[in-house]
Amino acid sequence: MTQGRQPAATSRPMTGPLEGVPLPDLERVPDYERGFWEGTRQGELRIQQCSDCGLFRHLPTPMCPECSSLDYAWTRVSGRGFVYSYVIVRHPVHPAIREKEQTPYNICMIELEEQEGLRICSNVLQVSPEDISIEMPVQVTFMPAVDNPEVVLPVFLHAPEE
Ligand SMILES: [Zn+2]
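## Focus: the coordination of the zinc ion
No. 1: Taken together, Cys50 (SG), Cys53 (SG), Cys64 (SG) and Cys67 (SG) make up the protein donors of the zinc ion, found 2.3 to 2.4 Å from the metal.
No. 2: Each of the 4 donor atoms bound to the zinc ion contributes to angles spanning 102 to 118°, and the resulting shape is tetrahedral.
No. 3: With a relative accessible area of 38%, Cys53 lands in the partly exposed category.

If you want it as structure tokens, here you go:
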């Protein structure tokens, strides 16, 4: 029944964040987001943590959704987590993605180890799209955006557990 079928070709991995797509404007990000981008520039993944109940939250918000506190700290987290969910995009909707032939690319929801449900949207690099899987363990690393090196983006690499 499989006669004549070829094994599925393996697509090339992403080697860096997408180019030519919108980036945060660091001059205009609200105060309650700034700590995240200051962290990435230091090579640290900092996540907002409520000073009253300890809940981590991402994306950043001014108020804790659990206890309504306005007090928070930027806590450095390990950067370890796993792929919670993902999509592989093969159709280039954005013109910059088409022009620079950046497909296929992945968008992964990474769940961080510090807290159940604490997730960050990013890319997994150096792994072929066909090899990305749910629960794959990953580790953060940081890359300056090609279009604006002032913006340093958190991206993830496969990190097999020992
Ligand atoms: Zn709280």
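On we go.
## Focus: the sheet that holds strand β2 (residues 56-57)
No. 1: Spatially, β2-β1-β3 is the arrangement adopted by the 3 strands of the open sheet, whose pairing is antiparallel. Looking at the sheet topology across the chains shown, the edges are occupied by β2 and β3 (72-76).
No. 2: Sheet analysis places strand β1 (residues 46-50) next to β3, joined by 5 bridges and oriented antiparallel. Its bridge partner being in β3, Cys50 is matched across the sheet by Tyr72.

## Describing the pairing of strand β4 (residues 80-89)
No. 1: One ladder, built from 3 bridges, connects β4 with strand β8 (residues 137-145); its direction is antiparallel. Along β8, the bridge assignment pairs Phe82 with Pro137.
No. 2: By the bridge criterion, 8 bridges tie β4 to strand β5 (residues 105-112) in an arrangement that is antiparallel. Considered in β5, the bridge of Tyr86 is made with Cys108.

## Quick notes on the side chain of Asn123
No. 1: Among the secondary structure elements, Asn123 is positioned in the loop between β6 (119-122) and β7 (124-125).
No. 2: A relative accessible area of 13% means that Asn123 is categorised as buried.
No. 3: In this structure the side chain of Asn123 is engaged in a polar contact, spanning 2.6 Å, whose partner is the backbone oxygen of Asn106.
No. 4: In this structure Asn123 touches Met14, Pro17, Asn106, Ile107, Val155 and Phe156, once residues within four positions along its chain are discounted.

## Quick notes on helix α1 (residues 31-41)
No. 1: Restricting attention to buried positions, one finds in α1 the residues Gly35, Phe36, Trp37, Gly39 and Thr40.
No. 2: Elements that come into contact with the buried residues of α1 comprise β1, β3, β6, β8 and β9 (148-158).
No. 3: Just past α1, the residue Gly43 takes up positive phi, approximately 75°.

## Focus on the domain arrangement of the chain
Interfaces are frequently sized by the accessible area removed from exposure as the parts join.
No. 1: One can read the domain layout of the chain as domain 1 (29-76) and domain 2 (78-162).
No. 2: With centres defined by C-alpha atoms, the gap from domain 1 to domain 2 works out at 21 Å.
No. 3: With 14 residues of domain 1 at the interface, the matching set in domain 2 holds 15 residues.
No. 4: Between domain 1 and domain 2 lies a buried interface of about 1100 Å² when both sides are counted; carbon and sulfur atoms form 71% of it.
No. 5: Among the residues of domain 1 in contact with domain 2, Arg41, Leu45 and Phe56 are the three that bury the most area, contributing 46% of the side total.
No. 6: Applying the counting rule to domain 1 against domain 2 returns 1 salt bridge.

Cut-offs and rules
- Residues numbered from 1 in each chain as written.
- Predicted model: local features only at pLDDT ≥ 70, side-chain atom pairs only at ≥ 80, totals over all residues.
- Heavy atoms only, no water.
- Donors = N, O, S within 2.8 Å, 3.2 Å for Na, K, Ca; no water.
- Tetrahedral: all angles 85-135°; square planar, octahedral: opposite > 155°, others 65-115°.
- Buried < 20%, exposed > 50% of the residue type's maximum accessible area, 1.4 Å probe, protein only.
- Pairing = 2+ DSSP bridges.
- Helix = DSSP H or I, 4+ residues; strand = E, 2+ residues; numbered from the N terminus.
- Polar contact = N/O pair within 3.5 Å; in protein donor to acceptor, adjacent residues only side chain to side chain.
- Contact = heavy atoms within 4.5 Å.
- Domains from an automatic or database assignment.
- Buried area = accessible area lost by both parts, 1.4 Å probe.
- Salt bridge = Lys/Arg side-chain N within 4 Å of Asp/Glu carboxyl O.

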